[in-house]
Amino acid sequence: MGTMDFKTDPGAVTINLLLIVHPEETAIKQKGQREGQTEGSRSAGLQDDGNGNSRSQPPQGRDLNGQRVSREPCKQTQAITSYSNEGTQVTVEIHPKDTTPQLFKKLSFGKGPRRLPSLRGQDNKGFQKTEAPRPPGGKDLHAYPWDKSSLKSMPVDLQQFEKLDAYALKVNITNSVEELVKALLKQARTDLEKVRAIWMWICHHIEYDVVGYHNKSQLSSKPIDVLQTGKSICEGYAGLFEQMCSLAGIQCMKLSGYSKGYGYKMGQTFTGDSDHAWNAVYLDGRWHLLDSTWGSGAVDDSFTKFTFRYNEFYFLTHPALFINNHFPDNSNWQLLKPTLSLKDFENNMLHNSNFYMLGLLTAHPETAVIQTVNGKASVSVDCRSATLFTFKLKGTDEHGLMTLKKHGMKLDIYPQKTGSHKLQIFAKPSKASEDVYNCVLEYVVECKSVDKTMRFPKDLHQPVGPSWFTERQGFLRPSHPDPIIHTNDGRCSLTFTLGKDISVLASLHSDDSSLTEDMRRRHIMQIHRRNQIELKIHLPHTGNFVLKIYAKKKSDPGNYDYIFNYLITCLNTEVKWPAFPQSYSKWVEDYEILEPLSGLLPANRNVQFKLKMHGVAKVLVQAENTYPLTKSRDHWEGTCNTSGCREVFVMVHENANHSFYSHVLKYEVETQ
């Protein structure tokens, strides 16, 4: 029997066929399908197992579902009712040569071109008869777009699967599909548990055949061959899954179509034959989708090495999420209402499984290609819970401004070159122990013009500005909730309410200045009032600056940890503020300088001093001469003359019974 392709006019056609089939004579060939592989790993310092797929021609000599047909003689009459993935039904009876077959069966084709469905049958002794799969109908459909209710198409409690999963992983039978299914079903009661046991076994025991993918002549996708070799491409995964489900009494379909997997390029179009295969299973009165190939692991960028990396996302995936990277040949198997066109599929943003497994909900824009407007492009992500993000634009995070929100993030991109730029968004759970971000989104940013004014300092760290994360670190009620602070005169002030036992360190950074580490801190003055901290900032010159804020517990003798940063901008070219005076260890945290704030005093002048200090017996200002300050309520004040000196010190006498003084502040005096 040769290959039969049916092309019909629109409308349903019913054909009565006389099929006399002998098992040893059954061999139907079909054009091969191109193949889509697992979510491929795209790590570049950041770990990511993005979807992978491949495109190739599988071997000939398969039935119309891509499987080789057994030539072993059949001892009994069998009736097989089967569907192709187009939803076409065919019923066939197989008889030994010495029996008389019934003459007529009905074969019905829907609209559009259809192929003859596979003629598959086997001796399923010891297994219940599987009902004929029905095509998807109204009750199978889910609303599109996704309603954000669940990642699954039916309620699934993964904790209840723990014992079954552990059992399935330990089953070690590779000589017979029937014996394997029998062993797996010993611990499975419901249909859902049967499907789960089969799914877990395949995902953890069948590896993707990267060698076979490159050498199709040596490749077999026949279920028994897949089982015995322990490897295959997607056609073999789906075929084995289908046969195991059939033996277990579960209606199952092998589907084919396009996939956004390995080798996918953002915005590409899909033409020609299908490139991937997956399955649909019938549970609780509805069809559900799964992909055991992508559930099993990932291939590397060169498509030469497969790594087992189980992915729960592709088990009974919600159809409105599955369509994100699986487009079936027959739109009915989208299980969606309304269905998506191929054009929709091509244009839609690709969210890989990490996106949803991390609790992310939506991303804007929803198209893969973004056009800049006046040199700027914006991306935002909504999520269920607190999540940390970072990004790479052409491999660097220098040309953007990312801010964390309570339920997501916002990113403004300012490419500094025209043309196409690859934008990757990475994320990780806020409570993750490892500092590993997974790629969750990829865009292409098309830049037609550059905004040179939005060139950020290299020291700017993403994300920028205060957020839920900084609140967790003890920085509450920020006076400046936005990431950018604009100042006209080069001065600004920020306040926070601090959590208990927190010590703060802040420093100023700029691409345009050669400030020493000490001077970076001396352009910032800390003022503590009970549980509030004020940071006074005097910029040394015009330009863009990064204010970095570090913290540690006061009781902790260790180093300060980086918490967050701001971007401070000043366009006034006249700005040139000196640093604040240098403070010594005896300068207590809640002391405060009222005047003079400048660390550089004028020469040959009388300078007024006013300092808030407590717990000291005397305060002196030492210049060419020594000037005592007078206590007035909560502060010390007095005048000092700067003639004849280069430095001025403030000293305190902590105890009236002691004779020594401690230096607390140091001022410089201008040269004449």
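Below: a short report on this structure.

If you look at the biggest cluster of nonpolar residues, it comprises 106 residues, and the most contacted ones within it are Phe-241 and Leu-423. Ranked by the residues each element gives to this core, the list is headed by helix H3 (residues 191-205), at 9 residues. Beyond its immediate sequence surroundings of up to four residues, Leu-423 is in contact with Val-379, Phe-391, Lys-392, Leu-393, Leu-411, Ile-413, Leu-441, Glu-442, Tyr-443 and Val-445. With 27 residues, the next largest nonpolar core counts Ile-527, Tyr-591, Leu-601 and Cys-640 among its residues.

Before going further, it helps to spend a moment on unusual backbone geometry. Cis peptide bonds are those with omega within 30 degrees of zero, and the linkage from His-364 to Pro-365 qualifies with 0 degrees. Here Pro-365 shows up in the loop between strand S17 (360-364) and strand S18 (369-371). With omega at -5 degrees, the peptide bond leading from Gln-462 into Pro-463 counts as cis. Relative to the helices and strands, Pro-463 is located in the loop between strand S24 (438-447) and helix H11 (468-472). Not every positive phi belongs to a glycine, and Lys-394 is a case in point at roughly 55 degrees. Relative to the elements of secondary structure, Lys-394 occurs in the loop between strand S20 (387-393) and strand S21 (400-405). Despite not being glycine, Arg-530 has its phi angle at roughly 55 degrees, a positive value. Along the chain, Arg-530 turns up in the loop between strand S29 (524-529) and strand S30 (532-538). On the basis of relative accessible area, Arg-530 is assigned to the exposed category, the value being 86%.

Rules used in this analysis
- Residues numbered from 1 in each chain as written.
- Predicted model: local features only at pLDDT ≥ 70, side-chain atom pairs only at ≥ 80, totals over all residues.
- Heavy atoms only, no water.
- Core = buried A, V, L, I, M, F, W, Y, C linked by side-chain atoms within 4.5 Å.
- Buried < 20%, exposed > 50% of the residue type's maximum accessible area, 1.4 Å probe, protein only.
- Helix = DSSP H or I, 4+ residues; strand = E, 2+ residues; numbered from the N terminus.
- Contact = heavy atoms within 4.5 Å.

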